[in-house]
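Residue-level structural notes
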Amino acid sequence: MVCVGVTASPASARDFVAYATTTPVLYRYAACVFEGDAASAEAQIEKCDPLKAQLETEADAAIERFHVIERADVERELRKGMREIERDLSATRERNRPVPQAIVGYLRCMGEGVMATGDYQSGDAVSYIGIEDACQAEHIDSVKDTVSDSEAATIRTLRRRFERFGRLAYPQARLARRRSLARTALLPAVLMDRSFLNMGLLREASDD
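Residues numbered from 1 in each chain as written. Predicted model: local features only at pLDDT ≥ 70, side-chain atom pairs only at ≥ 80, totals over all residues. Heavy atoms only, no water.

1. Digging into the state of the cysteines
Where we set the bar: Here, a disulfide means two cysteine sulfur atoms that sit within 2.5 Å of each other. We count a stretch as a helix when DSSP gives it H or I for four or more residues in a row; a strand needs E for two or more, and each element gets its number in order from the N terminus. Here the term buried applies to any residue with accessible area under 20% of the maximum for its type, exposed to any over 50%, and partly exposed to those in between, with areas from a 1.4 Å probe on protein chains only.
As enumerated under the stated definition, the model contains 2 disulfides in all. Residue Cys 32 pairs covalently with Cys 48 via a disulfide, S to S 2.1 Å. Looking down the S-S bond of the Cys 32 and Cys 48 bridge, the torsion is -100°, so its handedness is left-handed. Highlighted residues: Cys 32 in helix H1 (residues 23-35) and Cys 48 in the loop between helix H2 (41-47) and helix H3 (49-66), separated in sequence by 16 residues. Owing to a relative accessible area of 11%, Cys 32 belongs among the buried residues under this scheme. Covalent S-S linkage joins Cys 109 and Cys 135, the inter-sulfur distance amounting to 2.0 Å.

Here's what the structure looks like:
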């Protein structure tokens, strides 16, 4: 994950831009895909098709509310992010590197929590205030004494990749492009390097 401005050009074929407005959509889809209880990656992706269709509809409405100039870019990067999540699932199956259930729960909690807020539904802001703390406590902190050292390391690595903080208001977000982004903890967009998971990080964190 690399912090960027609102617009960014991915450096490799697996990179994509996760906009603040569509990151919760990606998180909810990823949580479904990485639950991994189906017999194959293909079957798991198919199992998530109804949710994917629902999320695409909700994302289209959110993009309409939040974005004007870069709308096509946001839509394109969201679709690419969903494809990368599906590719990551196949890679985790092939390498026997499942995403820890703590991270699955954390992603779902973050995505559902943000999308249910009045700020998000009205198009006023994307806010993780109160949500990240609750999701961390429920899904990360609650298992830290019950998992192996290897899994705990994987959880810490992935949590750092996916954690989001603060609140980003719109259309004030547009002004953040012209001033220091240090003034807000939540960036308008983040470059997700080497796909959604970055399998290199996952592999390193899960090795004994």
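2. Observations regarding the confidence of the model for the protein chain
Do not read the fine detail of predicted coordinates wherever pLDDT is low. The test is simple: One number per residue, pLDDT, summarises how confident the predictor is, and it ranges from 0 to 100. Note on definitions: a residue-residue contact is assigned when non-hydrogen atoms from the two residues lie within 4.5 Å.
Per-chain confidence: the protein chain averages 89 in pLDDT, with 86% of residues scoring 70 or above. This model gives residues 204-208 a pLDDT under 50, and the stretch forms 10 contacts once residues within four places in sequence are excluded.

3. A few points about the packing of H1 against helix H5 (residues 101-115)
The condition is simple: Under this scheme, a helix contributes an axis fitted over its contacting stretch, all axes are lines through C-alpha atoms, and angles between N-to-C directions fall in the 0 to 180 degree range. A clockwise turn of the near helix away from the far one marks a right-handed crossing, whereas an anticlockwise turn of less than a right angle marks a left-handed crossing.
With their axes 8 Å apart at the nearest point, H1 and H5 run at an angle of 145° to one another. Relative to H5, the crossing made by H1 is left-handed. Where H1 abuts H5, its residues Pro 24, Val 25, Tyr 27, Arg 28, Ala 30, Ala 31, Cys 32, Phe 34 and Glu 35 lie against Gln 101, Val 104, Leu 107, Arg 108, Met 110, Gly 111, Glu 112, Val 114 and Met 115.

4. Examining helix H4 (residues 71-95)
Note the threshold: Expected helix span is computed as 1.5 Å times (number of residues minus one).
Helix length check: H4 (25 residues) gives 36 Å between terminal C-alpha atoms against 36 Å at 1.5 Å per residue, within 8%. The positive-phi residue at the C-terminal boundary of H4 is Asn 96, with phi of around 55°.

5. Points about the pairing of strand E2 (residues 16-19)
Note the threshold: DSSP calls a pair of strands paired once it identifies at least 2 bridges connecting them.
Side chains Phe 16 and Ala 18 of E2 all project onto a buried face; the interleaved residues Val 17 and Tyr 19 project onto the opposite face, where all are buried too. Here E2 runs beside strand E5 (residues 189-192); their pairing, made up of 4 bridges, is antiparallel. Bridge pairing links Val 17 to Leu 191 in E5.

6. Looking at H3
Residue pairs three or four apart in sequence face the same way in an α-helix, which turns once every 3.6 residues. We count it as follows: This arc is built from the directions going out from the helix axis to the C-beta atoms.
For H3, with 18 residues, the first-to-last C-alpha span of 25 Å sits near the 26 Å given by 1.5 Å per residue. Every buried residue of H3 is accounted for by Lys 52, Leu 55, Ala 59, Ala 62, Ile 63 and Phe 66. Angularly, the buried residues of H3 cover 95° about the axis, an arc narrow enough to put them on a single face. In H3, those exposed residues whose orientation departs by more than 90 degrees from the buried face are Pro 50, Thr 57 and Glu 64.

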